[in-house]
Amino acid sequence: MARLWAFWGGGKDFNPADRALGETVAARFPQITSLAQHRIAFRTRVTWDLAVRGIDQLLVVGVDMPLHDEVHTIAQAVNPGARVVYADADELTMLYADVFYSAEFGGCGFVQAGPDDPRAVLDGAAATLDLDRPVGLLLINSLDLLCDPQAVAALSVFRETLAAGSHIAFCHLTACQDRGLADLGSMCAGISPGPPCVRTPAALETLCVGMERVPPGLVPVPAWRPEPGPWPVAEDVDLWCGVGVLP
């Protein structure tokens, strides 16, 4: 999925099979390219917001192929001492992350484990991050890859292990505008981990149990703390997000 999102987002790190599947999905769901751009824009805004809030440790579970506005670059711009751990089960994705990120930012750690194995993620992250202090956890379309019991279990582990004051930020595919988007999972049935599933906003609400929601709450991605501007904020987007704080 990291390579597919890179393809849809205009990146260059993918193989012919990724391109073929990416083009097939984009032909069926033309909005997927704009969703890819919205998700990166959200990642940028939420990373900046967390850094400004004083969160100097970030854990990215579900790594993107290198595009632009990388998490460690944004965090370091606010606090040069910020530390970032990237975790993903995909070997190629982590190879790219290690090569591109560690060369430019010494505060990075890398863990080869995905959201379906939160214990391994946290055990690996502990080598770089102090888990007794607040952490900003970024799940950028990572929960899409988990079935309901897996998603609930993963979030439970993260909530129980991370320190009070930690933030959990996520974005997730929905089908509010295009109900056919639910077929994305069957189109990507060969993806591992995955395939991606689509959840309703009501279902996403249940994943936020045990966290205090950061305003504006659970909303379409463009509506989450948008940059000031004269244009109205689009809300007809099948990508929703939220940020919660652990008490």
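Residues numbered from 1 in each chain as written. Predicted model: local features only at pLDDT ≥ 70, side-chain atom pairs only at ≥ 80, totals over all residues. Heavy atoms only, no water.

Would you explain the packing of helix H3 (residues 32-52) against helix H4 (residues 71-78) in this entry?
Packed helices, taken two at a time, are described by the angle between their axes plus the distance between the axes. Closest axis-to-axis distance for the H3/H4 pair is 9 Å, and the angle between their directions is 35°. Where H3 crosses over H4, the two elements pack in a sense that is right-handed. Side by side, H3 and H4 meet where Arg 43, Thr 44, Thr 47, Trp 48, Ala 51 and Val 52 of the first sit next to Val 71, Ile 74, Ala 75, Ala 77 and Val 78 of the second. (Axes fitted to C-alpha atoms, helices over the stretch in contact; angles between N-to-C directions. Helix = DSSP H or I, 4+ residues; strand = E, 2+ residues; numbered from the N terminus. Left-handed = near helix turned anticlockwise from the far one by under 90°. Contact = heavy atoms within 4.5 Å.)

Would you take a moment to explain the nonpolar core for this structure?
When a protein is soluble and globular, its nonpolar side chains tend to lie buried together. One finds Trp 8 and Tyr 86 to be the most contacted residues of the largest nonpolar core, which totals 48 residues. When residues in this core are grouped by element, the largest group, 6 residues, is from H3. The contact partners of Trp 8, leaving out residues within four places of it in the chain, are Met 1, Gly 22, Val 25, Ala 26, Ile 32, Thr 33 and Ala 36. With 31 residues, the next largest nonpolar core counts Leu 131, Leu 162, Ile 168 and Cys 208 among its residues. (Core = buried A, V, L, I, M, F, W, Y, C linked by side-chain atoms within 4.5 Å. Buried < 20%, exposed > 50% of the residue type's maximum accessible area, 1.4 Å probe, protein only.)

Where do I start with the pattern of salt bridges in this structure?
Working definition: two side chains of opposite charge can pair if their charged atoms are close together. One pass over the full model with this rule turns up 11 salt bridges. A salt bridge links Asp 90 to Arg 3; the nearest nitrogen and oxygen atoms lie 3.3 Å apart. You can see Asp 90 sitting in the loop between strand S2 (83-87) and helix H5 (91-102) and its partner Arg 3 sitting in helix H1 (residues 2-8), a full 87 residues away along the chain. One salt bridge in this structure joins Arg 225 and Asp 49, with 2.9 Å as the shortest N-O distance. Taken together, the residues Arg 225 in the loop between strand S7 (219-220) and strand S8 (239-245) and Asp 49 in helix H3 connect sequence positions 176 residues apart. Classification of Arg 225 as partly exposed rests on a relative accessible area of 33%. Several salt bridges converge on common partners, so that one network encompasses Arg 39, Arg 43, Asp 64 and Glu 70. (Salt bridge = Lys/Arg side-chain N within 4 Å of Asp/Glu carboxyl O.)

Teacher, can you tell me more about a nonpolar patch on the surface here?
The grouping of Leu 92, Leu 95, Val 99 and Phe 100 at the surface amounts to a nonpolar patch, some 350 Å² of accessible area in total. Looking at the element boundaries, Phe 100 is found in helix H5. Judged by relative accessible area, which is 40%, Phe 100 ranks as partly exposed. (Patch = residues over 30% accessible without salt bridge, like charges linked within 9 Å, V, L, I, M, F, W, Y side chains within 5 Å. Areas by Shrake-Rupley, 256 points an atom, 1.4 Å probe, with all protein chains shown as cover.)

Whenever I open this one, unusual backbone geometry confuses me. Can you help?
Only a minority of non-glycine residues have a phi that is not negative, and only a minority of peptide bonds are not trans. The omega torsion across Pro 215 and Pro 216 is 10°, close enough to zero to call that bond cis. A positive phi angle, close to 60°, is found at Asn 141, a residue other than glycine. Note that Asn 141 resides in the loop between strand S4 (136-140) and helix H7 (148-161). For Asn 141, a relative accessible area of 5% translates into the label buried. Unlike most non-glycine residues, Arg 225 shows phi in positive territory, near 45°.

Note that every value here comes from positions in space, so none of it alone points to a role or purpose.
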